[in-house]
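Structure at a glance
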Amino acid sequence: MSEILLEGGAHRFHCERHDTVLGAGLRAGLGLPYECTVGACGTCKFELLEGTVESLWEDAPGLSARDRAKGRKLACQSRPTSDCRIKIRLDEACRPLDPPRKQPAVFVSSANITHDIREFRFRTASRAAFLPGQFALLHLDGVAGARAYSMANLANDEGEWHFQVRRVAQGVGTSVLFDTLEPGACVTLDGPYGMAYLRKEPVRDVVCVAGGSGLAPMLSIARGMADLDMLATHRLHFFYGARTPRDVCGEAQLRVLAGYGDRIVFHPAVSSVEEAAREAWIGYTGFVHHHVEETLGAGFTGYEFYMAGPPPMIHAMQEMLHVRHAVPASQVHFDRFF
Ligand code: FES
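What comes next is a walk through the structure. (Residues numbered from 1 in each chain as written. Predicted model: local features only at pLDDT ≥ 70, side-chain atom pairs only at ≥ 80, totals over all residues. Heavy atoms only, no water.)

**Describing the overall build of the chain**
Worth spelling out the cut-off: Only DSSP runs of H or I covering at least 4 residues are called helices, and only runs of E covering at least 2 are called strands; the numbering of each starts at the N terminus. Working rule for contacts: check all heavy atoms of both residues, and any pair within 4.5 Å makes them a contact. All accessible areas in this document rest on Shrake-Rupley with a 1.4 Å probe, and a residue is counted as covered only by the protein chains that are shown. Counted as positive: Lys and Arg. Counted as negative: Asp and Glu. His and the chain ends are not counted at all. In this description, the location of a charge corresponds to atom NZ of lysine, CZ of arginine, CG of aspartate or CD of glutamate.
When its secondary structure is counted, the chain shows 8 helices and 19 strands. Seen along its three principal axes, the alpha-carbon backbone of the chain occupies a region of about 60 × 45 × 40 Å. Within the chain, contacts between residues at least 6 apart in sequence are counted, and of these 70% link residues at least 24 apart. Working note: accessible area of the chain is about 15,500 Å², and carbon and sulfur atoms make up 50% of it. In the chain, which carries 35 positive and 39 negative side-chain charges, the distance between the mean positions of the two groups comes to 3 Å.

**Considering the pattern of salt bridges**
Let me state the cut-off plainly: When a carboxyl oxygen of Asp or Glu is within 4 Å of a side-chain nitrogen of Lys or Arg, the pair counts as a salt bridge. Relative accessible area decides the class of each residue, using a 1.4 Å probe on protein chains only: under 20% of the type maximum gives buried, over 50% gives exposed, and in between gives partly exposed.
Counted by the stated rule, this structure contains 18 salt bridges. Where Arg27 meets Asp19, a salt bridge forms, and the shortest distance between an N and an O atom there is 2.8 Å. Take Asp19: its relative accessible area is 7%, and that puts it in the buried class. With its nearest N and O atoms 2.8 Å apart, the salt bridge here joins Arg167 to Asp179. With a gap of 12 residues between them, Arg167 in the loop between β12 (160–166) and α3 (172–180) and Asp179 in helix α3 connect regions that are remote in the sequence. Look at Arg167 and you get partly exposed, because its relative accessible area is 38%.

**Quick notes on the packing of helix α7 (residues 288–296) against helix α8 (residues 311–324)**
To be explicit about the condition: Here an axis means a line fitted to C-alpha atoms, over the contact stretch when the element is a helix, while the angle between two N-to-C directions is reported on a 0 to 180 degree scale. Angle categories are assigned with fixed cut-offs, so that under 35 degrees is roughly parallel, over 145 is roughly antiparallel, 65 to 115 is roughly perpendicular, and the rest are oblique. Lys, Arg, Asp and Glu make up the charged group, whereas Ala, Val, Leu, Ile, Met, Phe, Trp, Tyr, Cys and Pro make up the nonpolar group; the residues left over, Gly among them, are polar.
Direction vectors running N to C along α7 and α8 enclose 30 degrees, while the axes themselves pass 9 Å from each other. One finds that α7 runs roughly parallel with respect to α8. Along the contact surface, α7 presents Val288, His289, Val292 and Glu293, while α8 presents Met313, Ala316, Met317, Met320 and Arg324. Of the residues belonging to the contact of α7 with α8, the class tally is 6 nonpolar, 1 polar and 2 charged.

**Remarks on the sheet that holds strand β15 (residues 236–242)**
This is how it is decided: DSSP calls a pair of strands paired once it identifies at least 2 bridges connecting them.
A sheet is described by the order of its strands in space; here 6 strands give the open sequence β17-β16-β15-β14-β18-β19, paired in parallel fashion. Each edge of the open sheet carries a strand with a single partner, namely β17 (284–285) and β19 (332–333). Bridging between strand β18 (residues 303–308) and β19 involves 2 bridges; their strand directions are parallel. Each residue of the ladder has a partner; that of Phe305, found in β19, is Val332. With respect to the sheet, α8 is in contact with β14 (205–211), β18 and β19, its orientation differing from that of β18 by roughly 165 degrees.

**A look at the sheet that holds strand β9 (residues 117–123)**
Sheet architecture is open: 6 strands sit in the order β11-β10-β13-β8-β9-β12, paired in antiparallel fashion. Both outer strands of the open sheet, β11 (147–150) and β12, are each paired with one neighbouring strand and no more. Taken pair by pair, the neighbouring strands of this sheet meet at an average axis angle of 40 degrees, ignoring direction. Summarising the sheet, strand β8 (residues 101–112) and β9 pair through 6 bridges and their orientation is antiparallel. Looking across to β9, one finds that Ser110 is bridged to Phe120.

**Some details on the side chain of Glu160**
As a reminder, the rule being used: Think of a polar contact as two N or O atoms within 3.5 Å of one another; within protein, one of them needs to be a possible hydrogen donor and the other a possible acceptor, and neighboring residues in sequence only count if both atoms come from side chains.
For Glu160, the position within the fold is in strand β12. A relative accessible area of 15% means that Glu160 is categorised as buried. In terms of polar contacts, Glu160 uses its side chain to reach the side chain of Arg123, at 2.6 Å. If we skip the residues at most four places from it in the chain, Glu160 touches Arg121, Phe122, Arg123, Ala128, Phe130 and Asn153.

**Describing the environment of Pro100**
Its place among the elements puts Pro100 in the loop between β7 (84–87) and β8. On the accessibility criterion, Pro100 (3% relative accessible area) is buried. In sequence terms Pro100 and Asp190 are 90 residues apart; their C-alpha atoms lie 6.3 Å from each other. Not counting the four nearest positions on each side in its chain, Pro100 is found in contact with Leu26, Arg27, Asp190, Gly191, Pro192 and Tyr193.

The following block contains the structure:
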């Protein structure tokens, strides 16, 4: 166990031998800044003033050449090998409401959502404590590093964690989940993490935009709105961007929520013109961010936006919302994984 002291001396926390600076700091309830937790975004950079750390991923894209030249490190990819003193900017917005826990989780069952997205259900001995829209890290046997997957369900006392995962060609993590893992197998689950969780205040109509396996956190947001009775007074526009008609999903899960078809409206979009024509798709054809813009039309600042999906979709949505419609960043929520 190492002790981490923050510059200025106002905060210190302990870090277990196999934990990261980020994980240990959040477990101690501190607001260490982060987004992806997997080395990609660079939000968790810090300066090592004293002591030593080992890096879990030397070439992590979250650090630029300039960062490396200046000796900066990533808190999510650094394991202390001695007591350390570090310089990092705390962010109150990142202080966890449910501090992440590392615990064993048993694989219970799985079911197909589409031809390449499957829901995997795990159970922990203690309560599944998280906010709608958050994610957890799964440590799988035989897979180097953790994989970040969002929960599709809501917090519960039964310890149920439901993840919807898209099979990635040659993906080591997904091939273990899809092909190897048997019910009863145990993995290590570390969570919750994530800042793109459902805000209860201020209450606005909500727009969820999902692409690929970004469906899971958006479903959790929709279920959270239903659970909190937010749909009694506000609307949810739920957009799903797929490449082909057979990739479209989400409607079946939304249909069972009270208010579907009235307060909840599902808007699927298919981006491949050829596939749409071949399968006689009668819905919207084009990119999902265009579908959002054309459907809402005006008054974009009157909505709270949540989104999860491939980086090009996130970039296109950001440009559309911030540049063309002046939506403040405080009303747009997503976790950056790339
Ligand atoms: Fe550490 Fe993204 S690089 S949180």
